Amino acid sequence: MRAEARPRRSPIKEEDVEVKIGVQYAPRELVLESNQSPAEVEAAVTDAIDGGDKGVLSLVDEKGRRVIVPVGKIAYVEIAESSPRPVGFSSAR
């Protein structure tokens, strides 16, 4: 009797997206990692901005925490795919 083969899970994990939000009058930018695609984050930002100054930008990070920023206070939004951080020392540049 042969056991049925289980479907293999892909070892490749979808890359998280790093989102940096500059907020007016704040000394530091907000940085979060999201499981959303860059297109989904861009759509959320565009929809929030199209809503006018009374709207808010709401994003969820990879741990499920929600970040809400008033649209009227957003200075900029930078969306980039997260890159793996190097571990250890390397002489290569």
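In this text the structure is predicted, and so the values were computed from the model without any measurement.

Rules used throughout
Here the residue numbers are simple positions, counted from 1 along each chain's written sequence. This being a predicted model, a pLDDT of at least 70 is required before a residue's local features are given, and a value of 80 or more before pairs of side-chain atoms are given or counted; all residues contribute to the totals for chains, interfaces and linings. Hydrogens and water molecules were not included; the side-chain quantities draw on all heavy atoms of the structure. Runs of E in the DSSP output that reach at least two residues are strands. Runs of H or I that reach at least four are helices, and both are numbered from the N terminus. In this scheme, a residue with accessible area under 20% of its type's maximum is buried, one over 50% is exposed, and one in between is partly exposed, where area comes from a 1.4 Å probe on protein chains only. Here, nonpolar core refers to any group of buried Ala, Val, Leu, Ile, Met, Phe, Trp, Tyr and Cys residues whose side-chain atoms link them within 4.5 Å. Note on contacts: a residue pair is in contact if any heavy atoms of the two residues lie within 4.5 Å. The predictor reports its confidence for every residue as pLDDT, a score running from 0 up to 100. Pairs of strands are assigned from DSSP output, requiring at least two bridges between the strands. The angle between two axes is taken between their N-to-C directions and runs from 0 to 180 degrees, where each axis is a line fitted to C-alpha atoms and a helix contributes only its stretch in contact. A helix is expected to span 1.5 Å multiplied by its residue count minus one. Each C-beta atom gives one direction from the helix axis, and the arc is the one those directions make.

Novice: How would you sum up unusual backbone geometry? Please name residues and give values.
Specialist: Unlike most non-glycine residues, Tyr25 shows phi in positive territory, near 65°. Secondary-structure assignment places Tyr25 in the loop between strand 1 (17-23) and strand 2 (30-34). Relative accessible area serves as the criterion here: at 77%, Tyr25 is assigned to the exposed category.

Novice: Pulling in residues and values, what's your account of the nonpolar core?
Specialist: By size, the foremost hydrophobic cluster in this structure holds 13 residues, and its most contacted members are Val19, Ile21, Leu57 and Leu59. Listing elements by their share of this core, those giving two or more residues are strand 1, helix 1 (38-50) and strand 3 (56-60). Among the elements that take part in this core, strand 1 stands out by supplying four residues, more than any other. For Leu59, the contacting residues outside a window of four places in its chain are Val19, Ile21, Leu32, Gln36, Val41, Ala44, Arg65, Arg66 and Val67.

Novice: Account for the confidence of the model for the protein chain, naming residues and giving values.
Specialist: Mean pLDDT over the protein chain works out to 81, with 72% of the residues at or above the 70 mark. Put simply, strand 5 (residues 74-81) is where the protein chain has its lowest mean pLDDT, 92, and strand 1 is where it has its highest, 94. In this model residues 6-13 is a low-confidence stretch, pLDDT under 50, and it forms zero contacts with partners more than four residues away in sequence or in other chains.

Novice: I'd love a proper account of the sheet that holds strand 5, names of residues and values included.
Specialist: Reading across from one edge, 2-1-5 is the order of the three strands in this open sheet, with antiparallel pairing throughout. Unpaired on one side and paired on the other, strand 2 and strand 5 mark the two borders of the sheet. Between one strand and the next, the sheet's axes are offset by a mean angle of 20°, whatever the strand orientation. Along the sheet face, helix 1 touches strand 1 and strand 5 and points at about 170° away from the line of strand 5.

Novice: Could you give an account of helix 1, naming the residues involved and the relevant values?
Specialist: Given a rise of 1.5 Å per residue, 13 residues ought to cover 18 Å, and the 18 Å separating the end C-alpha atoms of helix 1 matches this to within 8%. Looking at helix 1, one finds that the buried residues are Val41, Val45 and Ala48. Summarising the axial view, the buried residues of helix 1 lie within an arc of 65°, below the 170-degree limit, and thus occupy one face. Facing away from the buried surface of helix 1 by more than 90 degrees, the exposed residues are Ala39, Asp47 and Asp50. Buried-residue contacts for helix 1 involve strand 1, strand 3 and strand 5. Gly52, located one to two residues past helix 1, shows a positive phi value of around 95°.

Novice: For the environment of Gly22, give the residues involved together with the corresponding values.
Specialist: Note on placement: Gly22 falls in strand 1. For Gly22, a relative accessible area of 5% translates into the label buried. For the pair Gly22 and Ile74, spaced 52 residues apart in sequence, the C-alpha to C-alpha distance is 6.0 Å. Not counting residues within four places of it along the chain, the set of residues in contact with Gly22 comprises Glu29, Lys73, Ile74, Ala75 and Tyr76.

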